[in-house]
Protein chains: 2
Amino acid sequence: MNPALGWGTTTFLLLLAAVVCHGHVERQEQWEEVPQLGESRFGSLWPLPQNVVISPVAFMLRSSSFQIVHSAESSAGPGCSILQSAFRRYFEYMFGYTKNQGGNTKKGQDSEVTELQVWITSADSECDAYPSVTSDESYELTVDQPTAVLKAAKVWGALRGLETFSQLVYEDQYGAKKINKTDVQDFPRFAHRGLLLDSSRHFLPVKVILANLEAMAMNKYNVFHWHIVDDNSFPYESTVFPDLSRKGAYHPYTHIYTPTDVKMVIEFARMRGIRVISEFDTPGHTQSWGKGQMDLLTSCYSGENPTGSFGPVNPILNSTYDFMAKFFKEVSLVFPDTYIHLGGDEVDFTCWKSNPDIQAFMQEHGFDKDFKKLESYYIQKLLDIVGSTKKGYMIWQEVFDNGVKLKPDTIIHVWKGNEEQYSKELAAVTAAGFHALLSSPWYLNRISYGQDWTVAYKADPHDFNGTDAQKKLVIGGEACLWGEYVDATNLTPRLWPRASAVAERLWSNQNVTDVGDAYNRLTQHRCRMVARGIPAEPLFVGYCDQEYKGL
Amino acid sequence: MNPALGWGTTTFLLLLAAVVCHGHVERQEQWEEVPQLGESRFGSLWPLPQNVVISPVAFMLRSSSFQIVHSAESSAGPGCSILQSAFRRYFEYMFGYTKNQGGNTKKGQDSEVTELQVWITSADSECDAYPSVTSDESYELTVDQPTAVLKAAKVWGALRGLETFSQLVYEDQYGAKKINKTDVQDFPRFAHRGLLLDSSRHFLPVKVILANLEAMAMNKYNVFHWHIVDDNSFPYESTVFPDLSRKGAYHPYTHIYTPTDVKMVIEFARMRGIRVISEFDTPGHTQSWGKGQMDLLTSCYSGENPTGSFGPVNPILNSTYDFMAKFFKEVSLVFPDTYIHLGGDEVDFTCWKSNPDIQAFMQEHGFDKDFKKLESYYIQKLLDIVGSTKKGYMIWQEVFDNGVKLKPDTIIHVWKGNEEQYSKELAAVTAAGFHALLSSPWYLNRISYGQDWTVAYKADPHDFNGTDAQKKLVIGGEACLWGEYVDATNLTPRLWPRASAVAERLWSNQNVTDVGDAYNRLTQHRCRMVARGIPAEPLFVGYCDQEYKGL
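Conventions adopted
Every chain is numbered on its own, with residues counted from 1 as its sequence reads. Throughout, the order in which chains and ligands are written sets their labels, letters from A for the former and numbers from 1 for the latter. In view of the model being predicted, local features appear only for residues whose pLDDT reaches at least 70, and side-chain atom pairs are presented and counted only at 80 or more, with totals across whole chains, interfaces and linings using the full set of residues. Each side-chain value is worked out from all heavy atoms of the structure, with water and hydrogens disregarded. Elements are defined by DSSP. Helices are runs of H or I of four residues or more, strands are runs of E of two residues or more, and each kind is numbered from the N terminus. We call a residue buried when its accessible area falls under 20% of the maximum for its residue type, exposed when it is over 50%, and partly exposed in between, using a 1.4 Å probe and counting protein chains only. Values of accessible area rely on a 1.4 Å probe in the Shrake-Rupley scheme; residue burial ignores everything except the protein chains shown. Note that His is not counted, nor are the chain ends; the positive residues are Lys and Arg, and the negative ones are Asp and Glu. A charged residue contributes its charge at one atom only: NZ of Lys, CZ of Arg, CG of Asp or CD of Glu. Two rings belonging to Phe, Tyr or Trp (six-membered ring only in the last case) form a pair when the distance between their centres is within 6.5 Å. Interplanar angles under 30 degrees mark stacking, angles over 60 mark edge-to-face geometry, and anything in between is tilted. Here, a charge over a ring means that NZ of Lys or CZ of Arg falls within 6 Å of the ring centre while also lying within 35 degrees of the ring normal. If DSSP finds at least two bridges between two strands, the strands pair. Think of each axis as a best-fit line through the C-alpha atoms, taken over the contacting stretch in the case of a helix, with angles from 0 to 180 degrees between the N-to-C directions. Contacts are assigned to residue pairs with any non-hydrogen atoms lying within 4.5 Å of each other. Scored from 0 to 100, pLDDT records how confident the predictor is in each individual residue. Should an angle fall under 35 degrees it is called roughly parallel, over 145 degrees roughly antiparallel, and 65 to 115 degrees roughly perpendicular, with every other angle called oblique. Any residue outside Ala, Val, Leu, Ile, Met, Phe, Trp, Tyr, Cys, Pro, Asp, Glu, Lys and Arg is labelled polar, Gly included; the first ten of those are nonpolar and the last four are charged. Cysteine sulfur atoms that come within 2.5 Å of each other are treated as a disulfide pair. Of the two site types, the cavity is a set of points on a 1 Å grid over the protein atoms alone where a 1.4 Å probe fits but cannot get out, and the pocket is an open set with protein on both sides within 12 Å along at least five of seven lines, each lined by residues with an atom within 4 Å of a point. Grid points are joined across faces, edges and corners, and a volume is the space filled by probe spheres set on the points. What makes a salt bridge here is a side-chain nitrogen of Lys or Arg within 4 Å of a carboxyl oxygen of Asp or Glu, nothing more. Think of a polar contact as two N or O atoms within 3.5 Å of one another; within protein, one of them needs to be a possible hydrogen donor and the other a possible acceptor, and neighboring residues in sequence only count if both atoms come from side chains. Helix span, expected: 1.5 Å multiplied by one less than the number of residues in the helix.

Draft legend 1. How the structure looks around the overall build of chain A. Counting its secondary structure elements, chain A contains 18 helices and 17 strands. Seen along its three principal axes, the alpha-carbon backbone of chain A occupies a region of about 85 × 60 × 50 Å. With 551 residues in all, chain A has 65% of them scored as buried. Counting every atom, chain A has about 19,700 Å² of accessible surface; 52% of that belongs to carbon and sulfur. Of note, chain A has its 51 positive side-chain charges centred 4 Å away from the centre of its 65 negative side-chain charges.

Written as structure tokens, this is what we have:
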């Protein structure tokens, strides 16, 4: 069944036409197979639930009589703000803000769903908690008349189930809202389904971040990896070291994230079951840190004279570690997530090599000329500092590659190389007993002409040689949108629905790999995102009933 | 001098940092030379005027005392709505909508420009006319205190000069508006500087078209090539054949351009000195036409039986030409421009070949098996029909390549091939004495990672072997944004500032080829577009003082 039959059919015919007469696309040589639009038996569901049975029996839904309520048995009630605001949000998604369909006829007549009961089954609903890597996101949804029931152990599963319920609602040919009798048992394949945004290379207004958190929830993402600072700018306003943003941001007032902004982002994300993991990458990628913190970075030398430019964090000064201890103490309090991403990638040794004090220190410590040892020395001390805040840490793969001693629960973030290379890395990381997170195939900042979402869709974090135990150590993946070429003007359409492809790979069953079926569902899912106010770009020729209203 | 010194300097340093520590850009192999941001001696001017001398002497500009007025000698006055609305538009661009700087101190004090006098020197200002390919867009601008003077023969030059004046205004470190003593003599290198948008593969809301006309004016474009219908949908609402959009549009009410919409687009464009050239492409690319017009398209056959699908326009029926005569009569009245684009590209002969009536017709007319002759037969008759409406026509290069007899003033639109191929085509077209228009290197729908604007910037319509007389037959070029992958969600940032690169190539002197200087100016020009409400995407790492306020 297809919730938007008229739409699908029309576009299907037109697409055929487009394929016959190829309209100035002669030179689309890289354009491989373009799936042809048709109907999926799973309608517009995205990402596809683990188990779903949709019956042909359809029920009515009316905004005037339909309500989402806490079930009597639920451990959560009206005091649970996560659910309360989710009820309102999804009601609006389903019925719009102003529509009121039909008169207030009597409830419970045949073939009408009048109620969605949300039933949190565990004694602790986790209503006031933050989501974590061990959060239970599973749920069961039974759509029947007059009552649909959404059962979940915790609020996190209820959030995912509400999204699924809203995706099952469609309009018939008269514009009436309908939902089919349906059974869903669902849970995520991977616990960590993340999206990285980079607010350093370009500043991203809070509005843009919030809109993308909304879109993430629509795609069942559960981690916002906030690459908040980098070489280019330091927009994070630290209360302990306010000079970092005052001197290191693009602008000290208009291009920073105040403590209130950060809190708002974290709470907005929590309400959607999304963790916020901040990344403060050191010792490289820190040019902007040096502006507001004297002597933090290494002075580069030309022969015996400082050049006036600076390299990575200076690893030989006690003051560096004093600073890091204070700074990460603050960060560990500001960001409630139990993990911090510490970066550790792409350390350029040129400046360290040039500095006579560092040369002497290397000598002293018997590092010889091996600057990887100096890097490891720094990282080791940093990990001890952050470990003392009781946080777990994530690091880019170089830290593992360079043999730094790591706590067993460390998450190694694999980002380098082609398929062969990242598969080997996943095998190596998990063979060493560490948790792995994959990003290599999902650098969505890299764009190309045509339907490149299919490339992201086909990658799988379990495509490597390893035991079942090794596979279990892969906790998921992250789509990355590095910021060189994106800001508020183009970020959202460039990201969506391309990031939706990664979302399905990380949520749905491993055997969900039919690109044609995915195309049919994703085409409708992207129109739904557009209708909800997210400027998700088109996959191919066609239209949405409700086109984007902005620019 | 650089109107935004603080901006340029800060970003310059940060960019250097980015180059040293390359932040997850390891795999940007196609990324060739990235120019480093600095200051251009031409500030933020884009496209660069033909002659400009900017003195270091700076004058104040205050919104409370500054005004744009008709000079006493001007042939245009307050009755000229093109200028009146341009005065208001540019005042707002320069001073914003609400700012009122400083008290209302006495006028004419030293070092202040209090007036821009706009002086139309020709007896006929062309205030109420439509722009055309022969419109005079030249102007002279003298910025001095207390009065700046903008002289132009016609309103079209005045519009270009107002844009230039507004680009000379900058903020000093205290936020005060300033402009330097400056002399400009300017005119376009090419008369036809067009942008093609495709409203068939995706429907483009009028709002999106108007925003892009605004952006075009900021870049001194003067032709909007409206590829309004194609295989996929027929959004043009015809008064004579209303079924065309009623049955051929994606939706008969929400996805069409009414006669009022079309008028609004044309008038909005006229006010900015932009021609609107409509394209109704036949005989191929017409699948959507067939839905609302019986027997217009060729029935395709499998053996002796019609397959139920349709091919190009049926060229053997008198009814076809009756239809075309009536349809193009309407089009010629709706679109005031003296040119119509008739398409003629990519005709697929498969369906014609399959049709027994067409086979018989070919026999009868002695065309043997040469379907190019049949295509020419159709096009010839169409050109005669359109010629009788007194319009000139533009056609895609295939029509020329296939040897159709053309009127001497026909414009051949070159769109195929790589540099070697399109250079040859330009040489052939102009050697045959026809006017040529280049688009091959400017298919901006084709995207790639990194700064691909530089590729568009380096192409030149005169880079072919030919005499001076041949070069003069090249009337310009058009950037094309075909619609397979763009709609309201992503069109504007994908187009700008990439289309700005083409705009400078077509306006500025042939010797303006310094990519580094262009990068410095274009970076500021794109921030200016953002400040004016156009979501033009970033060229590279950095920021704008005023970031985009939308999504």
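On we go.
Draft legend 2. Representation of the packing of aromatic side chains within the structure. Scanning the model with the defined rule gives 78 aromatic pairs over all chains in all. An angle of 50° between the planes, with centres 5.5 Å apart, marks the rings of Tyr485(A) and Phe540(B) as tilted. Within this pair, whereas Tyr485(A) is found in the loop between β17 (474-481) and α16 (491-495), its partner Phe540(B) is found in the segment after α18 (515-531), the two belonging to separate chains. A residue is classified by how much of its surface remains accessible, and Phe540(B), at 6% relative accessible area, is buried. Look at Tyr90(B) and Tyr93(B): their rings are 5.4 Å apart centre to centre, the planes differ by 80°, and that puts the pair in the edge-to-face class. Taken together, the positions of Tyr90(B) and Tyr93(B), both in helix α2 (residues 81-95) and three residues apart, correspond to about one turn of that helix. If you follow Lys151(A) out to its NZ or CZ, it ends over the ring of Trp119(A), 4.8 Å from the centre.

Draft legend 3. Examining the sheet that holds strand β14 (residues 392-396) of chain A more closely. Residue and element names in this part refer to chain A. The strand order β8-β9-β10-β13-β14-β15-β16-β17 describes a closed barrel built from eight strands, whose pairing is parallel. Shown here is a sheet whose adjacent strand axes are inclined to one another by a mean of 25°, direction ignored. One ladder, built from two bridges, connects strand β10 (residues 275-282) with strand β13 (residues 339-343); its direction is parallel. Its bridge partner being in β13, Glu-279 is matched across the sheet by His-341. Its contacts with the sheet place helix α4 (residues 206-218) against β8 (192-198) and β9 (223-227), and it is angled at close to 150° to β9. Lying over the sheet, helix α17 (residues 498-507) contacts β8 and β17, oriented at roughly 155° with respect to β8.

Draft legend 4. Geometry of the sheet that holds strand β17 (residues 474-481) of chain B. Residues and elements named next belong to chain B. Here eight strands make up a closed barrel; going around it, the order is β8-β9-β10-β13-β14-β15-β16-β17 and the pairing parallel. Strand-to-strand twist across the sheet, computed as the mean angle between neighbouring axes with direction ignored, equals 25°. Contacts between helix α4 (residues 206-218) and the sheet are confined to β8 (192-198) and β9 (223-227), with β9 contributing the most and set at about 150° to the helix.

Draft legend 5. The confidence of the model for chain A, seen in detail. Averaged over every residue, the pLDDT of chain A is 92; the share at 70 or more is 91%. Below a pLDDT of 50 lies the segment residues 98-105 of chain A, which in the model reaches 17 contacts outside its immediate sequence neighbourhood of four places, other chains included.

Draft legend 6. Molecular detail of the packing of α4(A) against helix α6 (residues 259-270) of chain A. Residue and element names in this part refer to chain A. Viewed as axis vectors pointing N to C, α4 and α6 meet at an angle of 10°, and their least axial separation amounts to 10 Å. With respect to α6, the axis of α4 lies roughly parallel. Residues Val-206, Ile-209, Leu-210, Leu-213 and Glu-214 of α4 touch α6, and the partners they reach there are Asp-261, Met-264, Val-265, Phe-268 and Ala-269. Here the residues of the contact of α4 with α6 sort into eight nonpolar, no polar and two charged.

Draft legend 7. A look at the state of the cysteines. Residue and element names in this part refer to chain A. Under the defined criterion, the tally for this structure stands at six disulfides over all chains. Note on cysteine connectivity: Cys-527 is disulfide-linked to Cys-544, with sulfurs 2.1 Å apart. For the disulfide bridge between Cys-527 and Cys-544, the dihedral angle about the S-S bond is near -80°, and by the sign convention the bridge is left-handed. With Cys-527 in helix α18 (residues 515-531) and Cys-544 in the segment after α18, this residue pair connects regions lying 17 residues apart in the sequence.

Draft legend 8. Spotlight on the pairing of strand β7 (residues 177-186) of chain A. All names here are of chain A. Judged from the seven bridges that link them, strand β1 (residues 51-60) and β7 form a sheet pairing that is antiparallel. By the bridge assignment for β7, Val-53 is matched with Asp-183. Looking at chain direction, strand β4 (residues 139-143) and β7 are connected through five bridges and run antiparallel. Paired with Glu-140 across the strands is Gln-185, a residue of β7. Sheet topology note: the strand β6 (residues 170-171)/β7 ladder contains two bridges and is antiparallel. Among the inter-strand pairings, Glu-171 is bridged to a residue of β7, identified as Lys-177. Connecting β6 to the antiparallel partner β7 that follows it, the hairpin turn spans five residues, and Gly-175 within it adopts a positive phi of roughly 85°.

Draft legend 9. Focus on the environment of Met264(B). Residue and element names in this part refer to chain B. Residue position: Met-264 is located in helix α6 (residues 259-270). We classify Met-264 as partly exposed; its relative accessible area is 39%. The residues touching Met-264, leaving out its near neighbours within four places in the chain, are Val-206 and Leu-210.

Draft legend 10. Spatial organisation of empty space enclosed by the protein. Evaluation of the coordinates by the stated rule reveals 13 cavities of 30 Å³ or more. Along the walls of the largest cavity sit 31 residues, with Ile447(A), Arg494(A), Ile447(B), Arg494(B) and Glu537(B) positioned nearest its centre. Among the secondary structure elements, those contributing two or more residues to the lining of the largest cavity are α16 of chain A together with α16 (491-495) of chain B. Considering only residue class, the lining of the largest cavity consists of 15 nonpolar, eight polar and eight charged.

Draft legend 11. Molecular detail of α17(A). Within α17(A), 10 of the 10 residues are buried, which leaves it mostly tucked inside the rest of the structure. The complete set of buried residues in α17(A) reads Arg498(A), Ala499(A), Ser500(A), Ala501(A), Val502(A), Ala503(A), Glu504(A), Arg505(A), Leu506(A) and Trp507(A).

Draft legend 12. Spotlight on the pattern of salt bridges. Residues and elements named next belong to chain B. If you walk through the whole model with that rule in mind, you get 47 salt bridges over all chains. Here Glu-163 and Arg-532 are joined by a salt bridge, their closest N and O atoms 3.2 Å apart. Residue Glu-163 is found in helix α3 (residues 155-168), and its partner Arg-532 is found in the segment after α18; the two are separated by 369 residues along the sequence. Owing to a relative accessible area of 15%, Arg-532 belongs among the buried residues under this scheme.

Draft legend 13. The arrangement of the environment of Phe95(B) in detail. Following the sequence through the fold, Phe95(B) ends up in helix α2. Once the C-alpha coordinates of Phe95(B) and Ser64(B) are considered, the two residues, 31 residues apart in sequence, prove to be 9.7 Å apart.

Draft legend 14. A look at the environment of Thr298(B). Residue and element names in this part refer to chain B. Relative to the assigned elements, Thr-298 resides in strand β11 (residues 297-302). Looking at Thr-298, the relative accessible area reads 0%, which means it is buried. The sequence separation of Thr-298 and Ser-132 amounts to 166 residues, and the corresponding C-alpha distance is 36 Å. Residues contacting Thr-298, with those up to four places away along its chain left out, are Ser-309, Phe-310, Gly-311, Pro-312, Val-313, Asn-314, Pro-315, Cys-351, Trp-352, Asn-355 and Ile-358. Of note is the side chain of Thr-298, whose polar atom sits 3.4 Å from the backbone oxygen of Val-313.

Draft legend 15. Summary view of helix α11 (residues 371-387) of chain A. Over its 17 residues, α11(A) extends 24 Å from the first C-alpha to the last, a length consistent with the 24 Å expected when each residue adds 1.5 Å. Sitting at the amino-terminal end of α11(A) is Asp370(A), which places a side-chain oxygen 3.1 Å from the backbone nitrogen of Lys372(A).

Draft legend 16. Broad picture of unusual backbone geometry. All names here are of chain B. Between Trp-46 and Pro-47 the backbone carries a cis peptide bond, its omega angle lying at -10°. One non-glycine residue, Lys-220, adopts positive backbone phi at about 60°. By the element assignment, Lys-220 lies in the loop between α4 and β9. A positive phi angle is found at Glu-346, which is not glycine, with a value near 45°. Note that Glu-346 resides in the loop between β13 (339-343) and α9 (350-354).

Draft legend 17. Quick look at the pairing of β13(A). Summarising burial for β13(A): five of the five residues are buried, a large majority. Burial of β13(A) is two-sided: the residues Tyr339(A), His341(A) and Gly343(A) facing one way and the residues Ile340(A) and Leu342(A) facing the other way are all buried.

Draft legend 18. Structural view of the side chain of Glu137(B). Residues and elements named next belong to chain B. With respect to the helices and strands, the residue Glu-137 is situated in the loop between β3 (115-120) and β4 (139-143). A distance of 3.1 Å separates polar atoms of two side chains, one belonging to Glu-137 and the other to Asn-222. The contact partners of Glu-137, leaving out residues within four places of it in the chain, are Trp-156, Gly-157, Arg-160, Pro-188, Ala-191, Arg-193, Asn-222 and Trp-507.

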